[in-house]
Amino acid sequence: MSRYDPSVIEPKWQATWEEHQTFRAVRSDDKPKYYVLEMFPYPSGRIHIGHVRNYTMGDVIARYKLATGHNVLHPMGFDAFGMPAENAAMASGGHPKDWTYSNIDTMVSQMKPLGFGLDWSRMFATCDPEYYGQQQALFLDFLEAGLVYRKNAVVNWDPVDMTVLANEQVIDGKGWRSGAEVERRELTQWFFKISDMSEELLDALDGLDDWPAKVKLMQANWIGKSRGLQFAFSTIDAPEGHDRIEVYTTRPDTLMGASFVGISPDHPLAKHLEKDNPDLAAFNAECRKGGTTEEALEKAEKRGFDTGLRVRHPFDTAWELPVYVANFILMEYGTGAIFGCPAHDQRDLDFARKYDLPVVSTFASAEDEGHTLPEDGGPAYVPPKTETVVYLRGFAGETEQTGTEAIDAAIDFCEKNGVGHGVTKFRLRDWGLSRQRYWGCPIPVVHCDACGVVPEKKENLPIALPYDEDGTAIDFSVPGNPLDRHPSWRSCPCPSCGQPATRETDTMDTFVDSSWYFARFTAPRADTPTHMADAQYWMNVDQYIGGIEHAILHLLYSRFFARAMHITGHLPEKCKEPFNALFTQGMVTHEMYYTGHAVQDGENSIVASLVYHFPEDVVVFSSGGERKAVLQSRVDETVTDVASVEELEALWKLDEWHNARHVRIQSSAKMSKSKKNVVDPVAIIQQYGADTARWFVLSDSPPERDVEWTASGAEAAARHLGRVYRIAAEVAEAEESPTGDDEALLREMHKAIHDVTLGVESFGFNASIARLYAFTNALSKSKAGSDAKRQAAKTLAQLMSPMTPHLSEEIWALLGGEGLVANAPWPVADPAMMVEDTVTLPIQVNGKRRDEITVPKDMDKAEVEKLALATDGVKRALDGAAPKKVIVVPGRIVNVVA
RNA sequence: GCGGGCGUGAUGGAAUGGUAGACAUAUCGGACUUAAAAUCCGAAGGCCUCAGCGCCGUGUGGGUUCGAGUCCCACCGCCCGCACCA
């Protein structure tokens, strides 16, 4: 009998699938379609074990759907634009294009051995001119539809690298690469009008039933809807043009507790006042400086500057309030000005205490009446808006009402009395898409002295990035955007007047590339962005799978793009929400190994350092119930003939004695190169085969949770697959034998079909695999006849085929299965076979299990009750007393109440 | 601070309100073997007066129920997201 050898069978079946084009997606009306998509990878150069997990999950779904009679679309591509390619070019010469395409080649060659059922004929990279040219066409259509516009915006500018930085790239106020102090600079940038769709993007979340609640919540928070009152304070003796200060508040019910007005250092009034006030100018400058990171803001002290200016309270013109410039007020939110109500806002209270401003309560707790004034050092009284409170200084609505009711009443009152109006605000800003980078999709517009900003003509698309067509290589050796320095690329005729003009050199944010690739996969070679019939057929994505880290930006942008593409006629109406179901998978983690080293540094000081080691360089063993580890190299060197744990132990102690070279084990964490706690999928496949890797990453943890990669787990998975092969081969080669205990095995089989199917359909892959282990054990021990065993083994191959497709094909062929297991119809569980004729019922007395009875499954309740009461366990527990009540749950349990 | 989630053996984890710990890892014992690996068989939540017809047990305390890991309330702990958001 041959042995299970993945290195032989895996390439063989991959070639067979390729030959039969098993996974080619073809449109046809005779079958329902199913579109399964995993978030496409960035071509960093190597695939990661996390990719293996992600794509295996998608592949399980894809293969299962194929077996259940669907036309399956399961494509793969690369999110190929972005900074790393440019950084690589800057660091080590070469060109981002060469770097990227070479990485893509490598990664494809690493992915193919995993045997994913992908339609590779649809593959593209977002840096293909065929792709980004269509993206430019979309941009032009969006422009025409008013979905893109240009405006001045404040950006983080790195003066050394000469580029705009995203907020995430600013660390402690310095550029993440250059370390230079980041400047605020106003630039003209392109923006997508995503904020126009705030309300719709928020409301539509409700319809996404198959999205994780967590993701929907994160998106809702990001969009950040709030209802409040916008009104103005009139100023006293203010500079011209500043006779009013517009403020926005979500708590207009606390208006009678106002004690100051605060404005942002960037507020026009603050900027005006600082001209004649050097102290204020200094204060404002100080506020503008400093980190813009959340952490820095969190720690920053709340500081204010009394402008000396005063305003009148809208309800009482005799009531004057001071105006402060305060460092915690953001110009970007609301109107850049607030009124402070210290009694009911902690931040305002801190501020009021610091500058000795009055604290006036407007409402009190309904329970302990009276005292709501924050005691010295006590917190502000901020109950949930849903709580009913007693208004002490109310002006609208009942005396006793909830915060929400009071807010509504206050807005109503103010509108009727001409003090402002109710407004709904969103936190969501327009999406700035301009980047001063080379390796991105060029924005297809031209700047003409005569005509201004002119869109390119569609027939001139793609506006391709220059490579070295005219003999001029792109120069990445100096900072800044190479497109700006290119001698000829910028020059072009104006699409409108034909006079010499210059191209826009900004490129698009890479999030644009990933905001519509799912639609492009439905017609990847079309000469328009999409092909309507194909989009109509294949869209939406039925199941989208990816990391939670994309919960906000990528998914929100994609939802915006789908709507914008519908408006511009590139997607049908039904695609406005492009992802029907979303699944966010967990990471693959690994424990970490390090040794401590003491190094003499100078004469007297000793510096300790940690050195991390790769898992393959470490031998982990167990001693006295404790897991310990030594370096592989030490084992080889000094004890080539280690025969026992004790000897290894001795080695351990020796090492410890020497210089603490023993390996410490640190608990599992996300794999990272710096911690060396990585396993390389390529090495794993070479060692165990793709099926083992696939089986393992699905087996031990629920898919949404992190899974810890362990060497023992991987070996166990490999052993199990070897066992399955062996059992199947034995069944295949067994002599014909009469029927034996067939029914027991077939019952197990149908239960396995049922449970595995349920697991696959509900992302319970770990549960499916546990069931497959149990079914394998049952088959192994079965005394059934050869026909039944053969049938069970074939079913096992089918049930395993989404997870371990190569092994399954091999077994299927071995057992004489017809065609490919990939194309075989998914087995269906027979309900009749899952119900036992007799059932064993546990008998409880007062909820504690005391005995059990085995009865025919349809025995009537009275009969069951009689038998239950007659059992020894029940008699003993009742001790002669009569039961108060007996509950019989047919087929489940009997509970006697004593 | 706000919002969400999770607490089950040594470990990863199973359990439509119905026999808690499936399945796997690690561990221990046995068979086979010169030996090891591989393979096969078996044990195993804790406690006790240690195989019984016993007690306890799903973070802690309460509640609902004939019956709670599961539902409700409070607390403790951990994880994640958001946040000078007016």
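**Comments concerning the confidence of the model for chain A**
Now for step 1: On average, residues of chain A score 86 in pLDDT, and 90% of them are at 70 or above.
Now for step 2: Of all secondary-structure elements in chain A, the lowest mean pLDDT belongs to helix 19 (residues 645-659), at 43, while helix 15 (residues 517-520) reaches the highest, 98.
Now for step 3: In this model, residues 291-298 is a region of pLDDT below 50 whose contacts with residues beyond four sequence positions or in other chains number seven contacts.
Now for step 4: Counted against residues more than four places away or in other chains, residues 635-649, with its pLDDT under 50, gives 16 contacts.
Now for step 5: Prediction confidence for the complex, expressed as pTM and ipTM, is 0.90 and 0.93 respectively.

**A closer look at the sheet that holds strand 3 (residues 148-158)**
Now for step 1: Here four strands make up an open sheet; going across it, the order is 4-3-7-18 and the pairing antiparallel. Only two strands of the sheet have a single partner each, and these edge strands are strand 4 (163-165) and strand 18 (431-432).
Now for step 2: Direction of pairing for strand 3 relative to strand 4: antiparallel, over a ladder of three bridges. Paired with Asn156 across the two strands is Leu165, which belongs to strand 4.

**Focus: unusual backbone geometry**
Now for step 1: Residue Pro462 follows Leu461 across a cis peptide bond; omega there is -5 degrees.
Now for step 2: Along the chain, the position of Pro462 falls in the loop between strand 21 (452-455) and helix 13 (482-485).
Now for step 3: Phi is positive for Gln21, close to 50 degrees, though the residue is something other than glycine.
Now for step 4: Positionally, Gln21 belongs in the loop between helix 1 (6-20) and strand 1 (33-38).
Now for step 5: Owing to a relative accessible area of 42%, Gln21 belongs among the partly exposed residues under this scheme.
Now for step 6: Positive phi, close to 60 degrees, is recorded for Lys676, a residue that is not glycine.

**Topic: the nonpolar core**
Now for step 1: Residues Tyr517, Phe561 and Trp709 are the most contacted members of the largest nonpolar core, which totals 160 residues.
Now for step 2: Every residue in contact with Trp709, bar those within four places of it in the chain, is listed here: Ile49, Val588, Thr589, His590, Met671, Val679, Ile684, Ala693, Phe696, Val697 and Ala714.
Now for step 3: In terms of nonpolar packing, the next biggest core, distinct from the first, is built from 33 residues, Val261, Leu280, Val323 and Cys414 among them.

**Topic: the side chain of Arg53**
Now for step 1: Within the element layout of this structure, Arg53 appears in helix 2 (residues 49-67).
Now for step 2: No salt bridge is formed by the buried Arg53. Its closest oppositely charged neighbour is Asp706, at 5.3 Å.
Now for step 3: Polar contacts involving the side chain of Arg53 include one to the main-chain carbonyl oxygen of Pro702, which spans 3.4 Å.
Now for step 4: Residues contacting Arg53, with those up to four places away along its chain left out, are Gly586, Met587, Val588, Val697, Ser701, Pro702, Pro703, Arg705, Asp706 and Val707.

**Re helix 1**
Now for step 1: Taking 1.5 Å of rise per residue, 15 residues should cover 21 Å, and helix 1 covers 21 Å from first to last C-alpha, within 8% of that figure.
Now for step 2: Three or more residues of helix 1 are buried, namely Pro6, Ile9, Glu10, Trp13, Gln14, Thr16 and Trp17. Seen along its axis, helix 1 keeps its buried residues to an arc of 160 degrees; they face one direction. More than 90 degrees from the buried face of helix 1, the exposed residues found are Ser7, Glu18 and Glu19.
Now for step 3: Packing partners of the buried residues in helix 1 comprise helix 2, helix 20 (681-688), helix 21 (690-699) and helix 26 (805-814).
Now for step 4: Looking one or two residues past helix 1, Gln21 carries a phi angle of roughly 50 degrees, positive in sign.

Rules behind the numbers
Residues numbered from 1 in each chain as written. Chains lettered and ligands numbered in written order. Predicted model: local features only at pLDDT ≥ 70, side-chain atom pairs only at ≥ 80, totals over all residues. Heavy atoms only, no water. pLDDT = per-residue confidence, 0-100. Helix = DSSP H or I, 4+ residues; strand = E, 2+ residues; numbered from the N terminus. Contact = heavy atoms within 4.5 Å. Pairing = 2+ DSSP bridges. Buried < 20%, exposed > 50% of the residue type's maximum accessible area, 1.4 Å probe, protein only. Core = buried A, V, L, I, M, F, W, Y, C linked by side-chain atoms within 4.5 Å. Lys, Arg positive; Asp, Glu negative; His and termini not counted. Salt bridge = Lys/Arg side-chain N within 4 Å of Asp/Glu carboxyl O. Polar contact = N/O pair within 3.5 Å; in protein donor to acceptor, adjacent residues only side chain to side chain. Expected span 1.5 Å × (residues − 1). Arc of directions from axis to C-beta.

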